[in-house]
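Secondary and tertiary structure notes
This is what each chain is made of:
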Amino acid sequence: LILNGLLSYYILEFVFNNEKLFQMQLYYGLHNWLFCAVIYLILLVLFNSFKLSVIVGNLFFLIWALANQFVLLFKGQPIQPIDLLNISTAGSVAKEYTYTLSWEMMNAIMLTGILIFLTVRMEEQRILVFKGKKRWFYAAFPVMGVMLFAGEFLWIVNTSYVSDMGIKVHLWRNQDTYNTYGIPMGFLATGKNMQVEEPENYSTDTVKSLMNTYIQEAKVQRIQNEESSKQPNIIAIMNESFADLSY
């Protein structure tokens, strides 16, 4: 499972054509590998089957890799956690695009197929075997698997885990985040932005107080302008999206 986690991580980055993969800090690379390995361990708990967890895991990461690259090509941004909330909209417009498999995609499909073929030929292994009246306890394992996956994601996006690792999210070019820190870590880091944090001392009264302050300042400035004989022309260039025009 640990080895499969490494291979799946490589497939994600290979299909994404990440040129910074081998320049990435080892610290981030190990965390990406660990994330993929944990997914396989969760699937093992979920299915209580080594073969099934490896097969489903390989298919999961292959679909993620392909979908991530297609979304990048069509949308200009890789898949983010918030996109999962709009999956129905994505499905309705997906048929409008033309899909062409790249060389990297074809190799990833072939490698995944080989891994699944070898796994199918292996002898089945289960982590626990329940017999008789204890079989009912097996039903708890899928629930445990789902809880582990949800708990892992919620813990990461609700704590300072991402910032403590030094990950900086490029809001307007998330692919830079994915290239620098890896797809799994970049995906989790962008998930942190799904939550809007309430500013300190935020209230309706505070907003009104600030507005009154600016209104008074504007009145004073208007009086000063009326008394002044100079009326300069002011040219304002608005950048409403706050985009980085250096790209």
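Whatever comes next refers back to the structure up there.
Quick look at the overall build of the protein chain now. When helices and strands are counted, the protein chain shows ten helices and zero strands. Here the analysis covers contacts within the protein chain between residues at least 6 apart in sequence; of these, 76% occur between residues at least 24 apart. For the protein chain, the accessible area works out to roughly 16,900 Å², and carbon and sulfur atoms hold 64% of it.

Taken N-terminus to C-terminus, the directions of helix H1 (residues 2-16) and helix H2 (residues 26-47) make an angle of 120 degrees; their axes are 8 Å apart at the nearest point. Viewed along their axes, H1 and H2 form a crossing whose handedness is right-handed. Along its contact with H1, which presents Ile2, Asn4, Gly5, Leu6, Ser8, Tyr9 and Leu12, the element H2 presents Gly29, Asn32, Trp33, Cys36, Ala37 and Tyr40. Considering only residue class, the contact of H1 with H2 consists of eight nonpolar, five polar and no charged.

The next point concerns the pattern of salt bridges. All chains considered together, the criterion is met by one salt bridge. A salt bridge links Asp176 to Arg173, with the shortest nitrogen-to-oxygen separation between them at 3.0 Å. Residue classification places Asp176 among the buried residues on the basis of a relative accessible area of 14%.

Moving on, we get to the packing of aromatic side chains. What the rule picks out here adds up to 14 aromatic pairs. Between Tyr27 and Tyr28, the aromatic rings sit 5.4 Å apart at their centres with planes inclined by 65 degrees, giving edge-to-face as the arrangement. With centroids separated by 5.0 Å and ring planes inclined at 90 degrees, the aromatic side chains of Phe70 and Tyr99 adopt a geometry described as edge-to-face. Within this pair, whereas Phe70 is found in helix H3 (residues 50-75), its partner Tyr99 is found in the loop between helix H4 (87-94) and helix H5 (103-120), the two being separated by 29 residues in sequence. The class of Phe70 is buried, set by a relative accessible area of 12%.

Before going further, it helps to spend a moment on the environment of Ile79. Note on placement: Ile79 falls in the loop between H3 and H4. Assessed through its relative accessible area of 13%, Ile79 is described here as buried. For the pair Ile79 and Ile183, spaced 104 residues apart in the sequence, the C-alpha separation amounts to 9.4 Å. With near-sequence residues (within four places) excluded, Ile79 lies in contact with Ala67, Asn68, Val71, Tyr178 and Phe187.

Each value, and the rule that gives it
- Residues numbered from 1 in each chain as written.
- Predicted model: local features only at pLDDT ≥ 70, side-chain atom pairs only at ≥ 80, totals over all residues.
- Heavy atoms only, no water.
- Helix = DSSP H or I, 4+ residues; strand = E, 2+ residues; numbered from the N terminus.
- Contact = heavy atoms within 4.5 Å.
- Areas by Shrake-Rupley, 256 points an atom, 1.4 Å probe, with all protein chains shown as cover.
- Axes fitted to C-alpha atoms, helices over the stretch in contact; angles between N-to-C directions.
- Left-handed = near helix turned anticlockwise from the far one by under 90°.
- Nonpolar A, V, L, I, M, F, W, Y, C, P; charged D, E, K, R; others polar.
- Salt bridge = Lys/Arg side-chain N within 4 Å of Asp/Glu carboxyl O.
- Buried < 20%, exposed > 50% of the residue type's maximum accessible area, 1.4 Å probe, protein only.
- Phe/Tyr/Trp six-rings, centres within 6.5 Å; stacked < 30°, edge-to-face > 60°.

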